[in-house]
Amino acid sequence: MENAVEVSNLVTYYGDRQILKGVSLSIPAGMTTVIVGRSGCGKTTLLKHLIGLIRPTSGTILIHDTDITAEGDQSQLEQYRKKMGVLFQGAALLNSMTLAENVALPLKEHTKLKAPVIDIIVRMKLDLVGLSGFGDFYPAQLSGGMKKRAGIARAMAMDPKILYFDEPSAGLDPVTAAGLDELILRLHRVFKMTVIVVTHELPSIFAIADYVVMLDNGEVVFVGNLDDFKKSEKPIVKAFLERRPEEVSYSPDNYFKIITGT
Amino acid sequence: MKIDTVANSGYTVVSVAGEIDMYSSPALRDTLLSLVKKKAAVVIVNLKDIKYIDSSGIATFVEALKKMMAYKGRLKIVNVPERVMEIFKFSKLDQVFDIYGSIEDAANS
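Residues numbered from 1 in each chain as written. Chains lettered and ligands numbered in written order. Predicted model: local features only at pLDDT ≥ 70, side-chain atom pairs only at ≥ 80, totals over all residues. Heavy atoms only, no water.

A. Summary view of the overall build of chain B. A count of helical and extended segments in chain B gives four helices and five strands. Ordered by position in the sequence, the α and β elements of chain B form the string β-β-α-β-α-β-α-β-α. For 109 residues, the compact-globule estimate of 2.2 N^0.38 gives 13 Å, and chain B sits close to it at 12 Å. Considered along the principal axes of its C-alpha atoms, chain B spans approximately 30 × 25 × 25 Å. (Helix = DSSP H or I, 4+ residues; strand = E, 2+ residues; numbered from the N terminus. Rg over C-alpha atoms; globule rule 2.2 N^0.38 Å.)

See below:
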C-alpha cells in the first residue's frame, strides 16, 4: 500500500502548551482517511501542518516523499500547494467575488490557461458539486450547504492529488451533511484522489472513511481501517464511538491552581 | 506531452501522447484551434497513448468542439482510456463528444 502522507514524530506548541506530542502516522494514497477525535485533541492543528499552514516545533511530514517541513527552499511547498485542495470549515470563499470568480482564482493565479478554457473548467467544477447555473451568485446569496459545495468546487479547481476537508459537516443540518458526504464519496470514487477529512461526526465517519486516525490529547491513539476502528476494544475509542463523556476529576490541588491561576 | 497531426483525405488525426495537464494543454489548444481556424471538417483526436488528462485537457476539447459546431465541423475522440471515460461519464461528457473505439470507426462514421 502506497502512502500519500508520512508524519514522523511531530511536535507542536502553541506558546507553552504542547498540542501535538510526537505524532507519527501514515495515510494511504487513494483512500479516504478521516482524522477523528474530540474537540481540542489536536486534529485541526495536524491538518494545518499537513497543508503547510504552520510549521512544527520538530518532526517531519513527507507528502509523496517530499518533505514539506524542510527549512529554506519554499518551492517544494509551493508546488505541493498547487497539487492539493482544501475545503475550510467556513468554506473560505471570497465574498466580494462570484462563485465563478472564486473557482477561477487558483487557475488564474497558478496557470497560463486562457480565459475560455478557465470558463469551461469553472462550469465543469460547479456542475460536479451540483451548482450549475450559480456561477454569477455571490457567497452571501447561498445556503450553508451550497457554500460548502462551492468551496469544494474551488478546492477541486486545480485537479488536486490530495483533497482536504476540515469539519465539512459543521453547521449543516443532517440531510445536507449526508448529501455532502455522498458528494465526497462520489468525487473520491471517480477521481481516485487521496481524501483526508477532519471530523468528529460519527455518521460522516461511518459513511466515508476507508481509514481512520484517532487523536487524543495530542497523541495518536488509533490508526487502521474503519472495521477495525468500529471493533476496537481501546477504551478511548469505545468512549468516542459510544459518545460517552469524559470523566473529569480534579484533585483539590489542581482545582486550587486552576481558579487562582497559579 | 507529444502531439502528432496527420492530415488524411476528409479528416485530420491528432494523436496525443503523455500527460495532458494544466501546463501542457495550451499546446494542445494551439493545435486544435489552428485546425478550427482552417475550418477542418472532421478532427479525430486519438487518446491511445495518453497517460493522464486533467480538467484543462477536457475543457480544451470542449472549447474546440464548441467552435467546430459553429461551422458544422465534427470533433471525434477515439481510444479513450477507461479512467478518462469514467470522468467523461461522471461529467456527462460522454453524451457530448462523439466517441469511437478506433480511428477507422471514427473515419467511417
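B. Structural view of the pattern of salt bridges. Residue and element names in this part refer to chain A. One pass over the full model with this rule turns up ten salt bridges over all chains. A salt bridge links Lys 43 to Glu 167, with the shortest nitrogen-to-oxygen separation between them at 3.9 Å. Taken together, the residues Lys 43 in helix H1 (residues 43-50) and Glu 167 in the loop between strand S7 (162-166) and helix H6 (174-191) connect sequence positions 124 residues apart. A salt bridge links Lys 238 to Glu 233, with the shortest nitrogen-to-oxygen separation between them at 3.4 Å. Assessed through its relative accessible area of 60%, Glu 233 is described here as exposed. (Salt bridge = Lys/Arg side-chain N within 4 Å of Asp/Glu carboxyl O. Buried < 20%, exposed > 50% of the residue type's maximum accessible area, 1.4 Å probe, protein only.)

C. View of the interface of chain A and chain B. Of the residues lining the interface, 24 residues belong to chain A; the matching set on chain B comes to 19 residues. In this assembly, chain A packs against chain B so that about 1800 Å² is buried in total across both faces, 66% of it on carbon and sulfur atoms. Taken together, the connections running from chain A to chain B amount to two salt bridges. Two residues, Glu86(B) and Lys192(A), come together in a salt bridge whose shortest N-O distance is 3.1 Å. In this assembly, chain A and chain B are joined by five residue pairs in polar contact (both at pLDDT 80 or more). The set of elements that each furnish at least two residues to the side of chain A that touches chain B consists of helix H3 (99-110), helix H4 (115-128) and H6 of chain A. Top contributing element to the side of chain A that touches chain B by residue count: H4(A), with eight residues. When grouped by side-chain class, the residues that make up the side of chain A that touches chain B number 13 nonpolar, two polar and nine charged. (Contact = heavy atoms within 4.5 Å. Buried area = accessible area lost by both parts, 1.4 Å probe. Polar contact = N/O pair within 3.5 Å; in protein donor to acceptor, adjacent residues only side chain to side chain. Nonpolar A, V, L, I, M, F, W, Y, C, P; charged D, E, K, R; others polar.)

D. Examining the packing of helix H1 (residues 25-37) of chain B against helix H2 (residues 55-70) of chain B more closely. Residue and element names in this part refer to chain B. Axis separation between H1 and H2 bottoms out at 10 Å; the angle between their running directions is 10°. The angle between H1 and H2 places the two elements in the roughly parallel class. Between H1 and H2, the contacting residues are Ser 25, Leu 28, Arg 29, Leu 32, Leu 33 and Val 36 on the first element and Ser 56, Gly 57, Thr 60, Phe 61, Glu 63, Ala 64, Lys 67 and Met 68 on the second. Across the contact of H1 with H2, the residue classes break down as seven nonpolar, four polar and three charged. (Axes fitted to C-alpha atoms, helices over the stretch in contact; angles between N-to-C directions. Parallel < 35°, antiparallel > 145°, perpendicular 65-115°, else oblique.)

E. Inspection of the side chain of Thr12(B) at higher detail. Residue and element names in this part refer to chain B. When you line up the elements, Thr 12 lands in strand S2 (residues 11-20). On the accessibility criterion, Thr 12 (12% relative accessible area) is buried. Apart from residues lying up to four places away in sequence, Thr 12 is in contact with Thr 5, Val 6, Ala 7, Leu 35, Val 42, Val 43 and Ile 44.

F. Examining a nonpolar patch on the surface more closely. Residues and elements named next belong to chain A. On the surface, a cluster of nonpolar side chains totalling about 320 Å² of accessible area is made up of Tyr 255, Ile 258 and Ile 259. Tracing the sequence through the fold places Ile 259 in helix H10 (residues 252-260). Relative accessible area serves as the criterion here: at 55%, Ile 259 is assigned to the exposed category. (Patch = residues over 30% accessible without salt bridge, like charges linked within 9 Å, V, L, I, M, F, W, Y side chains within 5 Å. Areas by Shrake-Rupley, 256 points an atom, 1.4 Å probe, with all protein chains shown as cover.)

G. Inspection of the nonpolar core at higher detail. Counting residues in each nonpolar core, the largest one holds 86 residues, and the members touching the most others are Phe229(A) and Phe61(B). When residues of this core are assigned to their parent elements, the largest contribution, eight residues, is made by H4(A). Look past the residues within four positions of Phe61(B) in its chain and what remains in contact with it is Ile20(B), Leu28(B), Leu32(B), Val45(B), Leu47(B), Ile53(B), Leu75(B), Ile77(B) and Phe97(B). Counting residues in hydrophobic clusters, the runner-up holds 28 residues, among them Val7(A), Ile19(A), Leu25(A) and Leu50(A). (Core = buried A, V, L, I, M, F, W, Y, C linked by side-chain atoms within 4.5 Å.)

H. Looking closely at H3(A). Taken together, the buried positions of H3(A) are occupied by Leu99(A), Asn102(A), Val103(A), Ala104(A), Pro106(A) and Leu107(A). Where H3(A) is buried, its residues contact H4 and helix H5 (144-155) of chain A.

I. The side chain of Thr111(A), seen in detail. Tracing the backbone through its elements, the reader meets Thr111(A) in the loop between H3 and H4. When its relative accessible area of 10% is taken as the criterion, Thr111(A) is described as buried. One polar contact links the side chain of Thr111(A) to the main-chain carbonyl oxygen of Leu107(A), over a distance of 2.6 Å. Polar contacts involving the side chain of Thr111(A) include one to the main-chain amide nitrogen of Leu113(A), which spans 3.3 Å. Leaving out residues up to four positions away in the same chain, Thr111(A) has contacts with Pro106(A), Met158(A) and Met22(B).

J. Structural detail: the confidence of the model for chain B. Residues and elements named next belong to chain B. Residues at a pLDDT of 70 or more form 100% of chain B, whose mean pLDDT is 92. For chain B, per-element mean pLDDT is lowest for helix H3 (residues 82-90), which scores 84, and highest for H1, which scores 97. Two numbers describe this predicted complex: its pTM, 0.88, and its ipTM, 0.92. (pLDDT = per-residue confidence, 0-100.)

K. Structural context of H4(A). Over its 14 residues, H4(A) extends 20 Å from the first C-alpha to the last, a length consistent with the 20 Å expected when each residue adds 1.5 Å. Buried within H4(A) we find Val117(A), Ile118(A), Ile120(A), Ile121(A), Val122(A), Met124(A), Lys125(A), Leu126(A) and Leu128(A). Against H3, H5 and H6 of chain A together with H1, H2 and H3 of chain B lie the buried residues of H4(A). Trailing H4(A) by a residue or two, Gly130(A) shows a phi angle of about 75°, which is positive. (Expected span 1.5 Å × (residues − 1).)

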